[in-house]
Amino acid sequence: MTGNAIAIIGAGMIGAAHAFGYRSNFGRFSERIAGLRLKTVCDGNDLLASNLARTWGFEEAVADWAGVLADPEVGIVSICLPNFLHVEVTRAALAAGKHVICEKPLALNAKDALSVYRDAERSKSVSATVFNYRRIPAIAAIRDLIAAGELGELVNVSIQYQSEYAADPNLPHSWRYERDRAGPGALLDLGTHAIDTARFLCGEVCEVAGAIASISIKERFLPAGTSIGHNKVGLSEKRLAVDNDDVMSALLRFDSGCQGLFMASRVAVGMGNTLSLFVTGTKGTVRYTSQTPAHFEIARFDGSGQSPFSSVANNPSLPYTHLLPVPHDGVAIGYAEVFGFMIYDFLDAIASDKPMSNGSILDGLRAAEILDAIQEAADTGKSAIVNRASAQLASRVA
Ligand SMILES: NC(=O)c1ccc[n+]([C@@H]2O[C@H](COP(=O)([O-])OP(=O)(O)OC[C@H]3O[C@@H](n4cnc5c(N)ncnc54)[C@H](O)[C@@H]3O)[C@@H](O)[C@H]2O)c1
């Protein structure tokens with residue numbers, strides 16, 4: 001028997017977004033989930049854990065994640081650790097009977113992701129992979145339009161996640177730049193979001209027709225002190241090689257016959273942190289960029305040869321907007337608010353005693369299978385079939 005206290009494991013950059021998500025939803029669920037408490041922030045770095053706990057009103061800061069999972073009061077766990085720890089800690093959390101939401105990527109590769117899926121399938125807990133971009137109201141609305149057939153048959157999609165975070169050669173080396181601890185580079189860090197969004201909108205990818213990986217900054221200095229997220233800190237004298245991709249491009253084939261252009265870059269000067277996409281179907285095109293997060297555009301074929309785009313601004317009819325503190329026409333939307341929507345869905349699944357269907361562990365596995373195929377295509381210089389072990393799996397957690 002476990003309680004319903006919440007714990008966040010990993011108090012770096014994204015642990016803070018989870019803390020915001022729980023805090024902003026607390027009132028909505030305090031009656032629906034008996035014993036809900038903001039209890040524990042866990043990080044090997046004491047200062048990070050205690051700062052995060054204090055900022056968002058968690059009761060305690062601790063260092064040992066195994067101790068958190070052994071705590072009978074803790075029933076709800078966010079895993080916000082570096083990529084190489086996701087599988088071990090998620091499986092341990094499921095074995096301890098906790099509801100668990102694991103940051104993307106679910107694992108460094110599909111084989112490991114499958115092991116998490118199998119545990120999740122056996123467990124009675126709610127389990128989820130963090131796919132926050134599905135919850136941007138504009139993207140969720142585009143999915144609804146596509147599902148309603150408003151674009152017709154899908155023809156092609158172009159999706160890019162471009163970020164500048166690693167463009168500075170004086171940014172310190174970290175787990176992110178090591179294939180052993182991060183897996184692929186931009187592909188896994190940013191491409192996971194892009195691939196999940198492409199699947200969310202256009203369905204399954206069956207083949208990667210080709211891919212190119214490149215590393216533009218080949219070594220980096222280790223930090224002189226603590227570094228979290230993409231923060232700039234003082235550097236030591238010691239340099240380490242970067243052995244995963246800064247940029248990955250790929251050509252995708254979907255089950256539906258739709259074709260896809262994919263690109264992930266962590267060295268995209270001027271691009272900030274930008275997910276952008278267009279999807280074209282036989283009846284129209286939609287386009288979106290997270291640089292104008294509260295809008296998407298749609299052109300409906302009108303036979304004129306110049307079918308015009310019109311802009312749809314955030315408005316109360318779009319998905320998730322009822323959760324905004326200011327749900328009015330045209331009011332912009334922020335990154336952290338979208339994390340709030342994700343935590344809302346997770347807590348709602350727990351309160352309703354239902355599996356998390358939107359951003360499941362199976363979604364994490366399916367993304368990993370496509371990412372594996374992209375990496376294989378880049379490594380071999382040939383096309384790669386997406387190995388869908390997950391296609392045969394039962395879908396209790398999907
Ligand atoms: N969903 C998103 O949009 C999004 C955005 C950024 C990062 N992420 C993901 O979140 C995860 C964490 O990324 P981040 O940027 O917060 O990294 P980070 O390096 O800032 O934070 C990771 C934290 O984990 C702690 N840690 C490491 N090993 C530990 C251990 N054994 N026990 C306890 N604490 C430990 C570190 O001290 C650090 O504070 C990554 O998997 C990343 O892919 C997701």
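All figures in this text were calculated on a predicted structure; none of them were measured in a lab.

A.B. asks: So what about the overall build of the protein chain? Which residues, and what values?
C.D. replies: Counting secondary structure elements, the protein chain contains eleven helices and 17 strands. Computed over C-alpha atoms, the radius of gyration of the protein chain comes to 21 Å, within 12% of the 21 Å expected from 2.2 N^0.38 for 398 residues, which places it in the range of a compact globule. Counting only C-alpha atoms, the protein chain reaches 65 × 55 × 40 Å along its principal axes. Counting the 398 residues in the protein chain, one finds 49% classified as buried. Of all intrachain contacts in the protein chain linking residues separated by at least 6 positions in sequence, the fraction that spans at least 24 positions is 70%.

A.B. asks: I'd love a proper account of the sheet that holds strand E1 (residues 5–9), names of residues and values included.
C.D. replies: Read across the open sheet, the six strands follow the order E3-E2-E1-E4-E5-E6; overall the sheet is parallel. Both outer strands of the open sheet, strand E3 (60–62) and strand E6 (127–129), are each paired with one neighbouring strand and no more. Averaged over all neighbouring strand pairs, the angle between strand axes comes to 20°, with direction disregarded. The sheet contact formed by strand E4 (residues 74–79) and strand E5 (residues 99–102) spans four bridges and is parallel. Looking at the pairing, Ile-79 lines up with Cys-102 of E5.

A.B. asks: Break down the nonpolar core for me, with residues and values.
C.D. replies: If you look at the biggest cluster of nonpolar residues, it comprises 118 residues, and the most contacted ones within it are Ile-9, Phe-346 and Ile-374. If you count residues domain by domain, this core takes at least three from each of domain 1 (5–133) and domain 2 (135–352). Among all residues touching Ile-9, those that are not within four sequence positions of it are Cys-42, Trp-65, Val-68, Val-77, Ser-78, Ile-79, Cys-80, Leu-81 and Val-89.

A.B. asks: Let's hear about the packing of helix H1 (residues 13–29) against helix H10 (residues 335–352): which residues, and what values?
C.D. replies: Orientation of H1 relative to H10, taken along the N-to-C sense of each, is 55°, at an axis distance of 8 Å. Classified by the angle their axes make, H1 and H10 are oblique. The handedness of the crossing between H1 and H10 is right-handed. Residue-level inspection shows Ala-17, His-18, Phe-20, Gly-21, Tyr-22, Ser-24, Asn-25 and Phe-29 of H1 in contact with H10, the latter providing Ala-336, Phe-339, Gly-340, Met-342, Ile-343, Tyr-344, Leu-347 and Ala-351. Of the residues belonging to the contact of H1 with H10, the class tally is eleven nonpolar, five polar and no charged.

A.B. asks: Can you explain the environment of Ser-249? Please cite residues and give values.
C.D. replies: Position of Ser-249 relative to the elements: it lies in strand E11 (residues 247–254). For Ser-249, a count of 21 C-beta atoms within 10 Å gives the class buried. If we ignore the near neighbours within four places in the chain, the residues touching Ser-249 are Ala-211, Ile-212, Phe-262 and Met-263.

A.B. asks: Kindly report on the packing of helix H4 (residues 86–95) against helix H5 (residues 110–122), identifying the contributing residues and their values.
C.D. replies: Between H4 and H5, whose axes approach to 10 Å, the crossing angle comes to 10°. Relative to H5, H4 is oriented roughly parallel. Counting all contacts with H4, which are made through Val-87, Thr-90, Arg-91 and Leu-94, the residues of H5 involved are Asp-112, Ser-115, Val-116, Asp-119 and Ala-120. Broken down by class, the residue content of the contact of H4 with H5 amounts to four nonpolar, two polar and three charged.

A.B. asks: Explain the pairing of E4 residue by residue, including any values.
C.D. replies: With six of its six residues buried, E4 lies for the most part within the structure. Across five bridges, the pairing between E1 and E4 is parallel. Each bridged residue has a counterpart across the sheet, and for Ile-9 the counterpart in E4 is Ile-79. Regarding the hand of the β-α-β motif, the stretch spanning E4, H4 and E5 is right-handed.

A.B. asks: I'd like a description of the sheet that holds strand E12 (residues 259–265), backed by residues and values.
C.D. replies: Read across the open sheet, the nine strands follow the order E16-E15-E14-E13-E7-E12-E11-E8-E17; overall the sheet is mixed. Single-partner strands in this sheet number two, and they are strand E16 (309–313) and strand E17 (384–385). As paired strands, strand E8 (residues 205–214) and E17 are joined by two bridges and run antiparallel to one another. Among the inter-strand pairings, Val-208 is bridged to a residue of E17, identified as Ala-384. Across the sheet, helix H6 (residues 137–147) touches strand E13 (273–281), strand E14 (284–289) and strand E15 (295–300), and the angle it forms with E14 is around 165°. Packing of helix H9 (residues 191–202) onto the sheet brings it into contact with strand E7 (154–163), E8, E11, E12 and E13, and relative to E7 it is tilted by some 160°.

A.B. asks: With reference to specific residues and values, describe the domain arrangement of the protein chain.
C.D. replies: Each assigned domain of the protein chain is listed here: domain 1 (5–133) and domain 2 (135–352). Each partner contributes to the interface: domain 1 provides 30 residues, whereas domain 2 provides 28 residues. Counting only elements with at least two residues in the side of domain 1 that touches domain 2, the list comes to H1 and E5. The greatest single-element share of the side of domain 1 that touches domain 2, amounting to nine residues, is contributed by H1. Across the side of domain 1 that touches domain 2, the residue classes break down as 18 nonpolar, ten polar and two charged.

A.B. asks: Describe helix H11 (residues 361–380), naming the residues involved and giving the relevant values.
C.D. replies: Along an α-helix, residues three or four apart share an orientation, since each turn contains 3.6 residues. Taking 1.5 Å of rise per residue, the 20 residues of H11 would be expected to cover 28 Å, and the 28 Å separating its terminal C-alpha atoms lies within 8% of that figure. By the criterion of burial, H11 is predominantly enclosed, with 17 of the 20 residues buried. Positive phi appears at Gly-381, one or two residues downstream of H11, with a value of about 70°.

A.B. asks: Just give me the short version of H6, but keep the residues and values in it.
C.D. replies: Residues of H6 that are buried: Pro-137, Ala-138, Ile-139, Ala-141, Ile-142 and Ile-146. In this structure, the buried side of H6 is in contact with H9, E13, E14 and E15. Of the residues flanking the end of H6, it is Gly-149, one or two places downstream, whose phi is positive at about 80°.

Cut-offs and rules
- Residues numbered from 1 in each chain as written.
- Predicted model: local features only at pLDDT ≥ 70, side-chain atom pairs only at ≥ 80, totals over all residues.
- Helix = DSSP H or I, 4+ residues; strand = E, 2+ residues; numbered from the N terminus.
- Rg over C-alpha atoms; globule rule 2.2 N^0.38 Å.
- Buried ≥ 20, exposed ≤ 12 C-beta atoms within 10 Å, placed from the backbone.
- Contact = placed C-beta atoms within 7 Å.
- Pairing = 2+ DSSP bridges.
- Axes fitted to C-alpha atoms, helices over the stretch in contact; angles between N-to-C directions.
- Core = buried A, V, L, I, M, F, W, Y, C linked by C-beta atoms within 7 Å.
- Domains from an automatic or database assignment.
- Parallel < 35°, antiparallel > 145°, perpendicular 65-115°, else oblique.
- Left-handed = near helix turned anticlockwise from the far one by under 90°.
- Nonpolar A, V, L, I, M, F, W, Y, C, P; charged D, E, K, R; others polar.
- Right-handed = clockwise from strand over helix to strand, strands pointing away.
- Expected span 1.5 Å × (residues − 1).

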